[in-house]
Amino acid sequence: MATRVAWPLRLNRSLTPLLQSRQRHAFTTTKQISNDAIMQPKISEGQDESKVKAELKVLLENGWKLNEEQIQLEKTYHFKTYTKVLDLHTCIGVGSKSKNHHSKMITEFGSLTVHWTTHKPNGLSSNDTFMARYCDDQAKLIGTVDQSEAQKCGPPPSSQI
Ligand SMILES: C[C@H](O)[C@H](O)[C@H]1CNC2=NC(N)=NC(=O)C2=N1
């Protein structure tokens, strides 16, 4: 069944203004840190820093992580089939072309890892947070599973599809 890519509507969606939290934002990196360590993500020059940080906070609460340099967002999605991995890869590729903002992706038998950062000017920007939300939307449409249920390499099932 073809996967519905809600592409044109979703990417033009205006960002609903997020409540600016006055608390300091606690960020986690891919390298585990203690919860009370306050991290400072590197925001691209010219960005509305408090807006991007508020968007990052929501993403980090939804499974995204900052890398050790705090300049890149990353997330891994797990799937039951390689076809679904490729579906998400295609959706992100089409989205990147349309937004002119491109990710680094690692596709494996049962998972896709995507990295977002802005190269010029260097740092994290609203393009990265926008595309990260787009990835979450598309992954939800395709249907992700917990890592424990994802497809793994091993002897082929008797009826290999
Ligand atoms: C010329 C073109 O608009 C720029 O090189 C775009 C292309 N895609 C991009 N993608 C990302 N992730 N960061 C950028 O700075 C960027 N710049």
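Just above, that's the structure.
Values in this document were obtained by computation on a predicted structure and should not be read as measured data.

Caption draft 1: Looking closely at the sheet that holds strand 2 (residues 73-78). Read from one edge to the other, the open sheet built from four strands follows the order 1-2-4-3, with strand pairing classed as antiparallel. Of all the strands in the sheet, just strand 1 (65-66) and strand 3 (104-107) have a single pairing partner and so form its edges. Both strand 3 and strand 4 (residues 111-116) contribute to a ladder of four bridges, which runs antiparallel. Following the sheet pairing, Thr107 is matched in strand 4 by Leu112. Each of strand 2 and strand 4 is contacted by helix 4 (residues 126-142), which is oriented at about 5 degrees to strand 2, the strand it contacts most.

Caption draft 2: Highlighting the packing of helix 2 (residues 49-60) against helix 4. The contact between helix 2 and helix 4 brings their axes to 9 Å, and the two run at 25 degrees. Between helix 2 and helix 4, the angle falls in the class roughly parallel. Seen from above, helix 2 lies across helix 4 with left-handed handedness. From helix 2, Lys51, Val52, Glu55, Leu56 and Leu59 reach across to helix 4, where they touch Ser126, Thr129, Ala132, Arg133 and Asp136.

Caption draft 3: Region of the structure containing the site of the ligand. Taken together, Asn100, His101, His102, Thr117, Thr118, His119 and Lys120 are the residues near the ligand. Between the ligand and Thr117, the relevant distance is 2.8 Å, taken from a nitrogen atom to a main-chain nitrogen or oxygen of the residue. Between the ligand and the protein, one listed contact pairs an oxygen atom with a backbone N or O atom of Lys120 at 3.1 Å. Here the ligand loses 59% of its free accessible area of 400 Å² to cover by the protein chains. Per-class residue counts for the shell around the ligand are no nonpolar, six polar and one charged.

Rules of the game
Residues numbered from 1 in each chain as written. Predicted model: local features only at pLDDT ≥ 70, side-chain atom pairs only at ≥ 80, totals over all residues. Heavy atoms only, no water. Pairing = 2+ DSSP bridges. Helix = DSSP H or I, 4+ residues; strand = E, 2+ residues; numbered from the N terminus. Contact = heavy atoms within 4.5 Å. Axes fitted to C-alpha atoms, helices over the stretch in contact; angles between N-to-C directions. Parallel < 35°, antiparallel > 145°, perpendicular 65-115°, else oblique. Left-handed = near helix turned anticlockwise from the far one by under 90°. Near = heavy atom within 4 Å. Polar contact = N/O pair within 3.5 Å; in protein donor to acceptor, adjacent residues only side chain to side chain. Areas by Shrake-Rupley, 256 points an atom, 1.4 Å probe, with all protein chains shown as cover. Nonpolar A, V, L, I, M, F, W, Y, C, P; charged D, E, K, R; others polar.

Take it as geometry only, folks, not as evidence of what the structure does.
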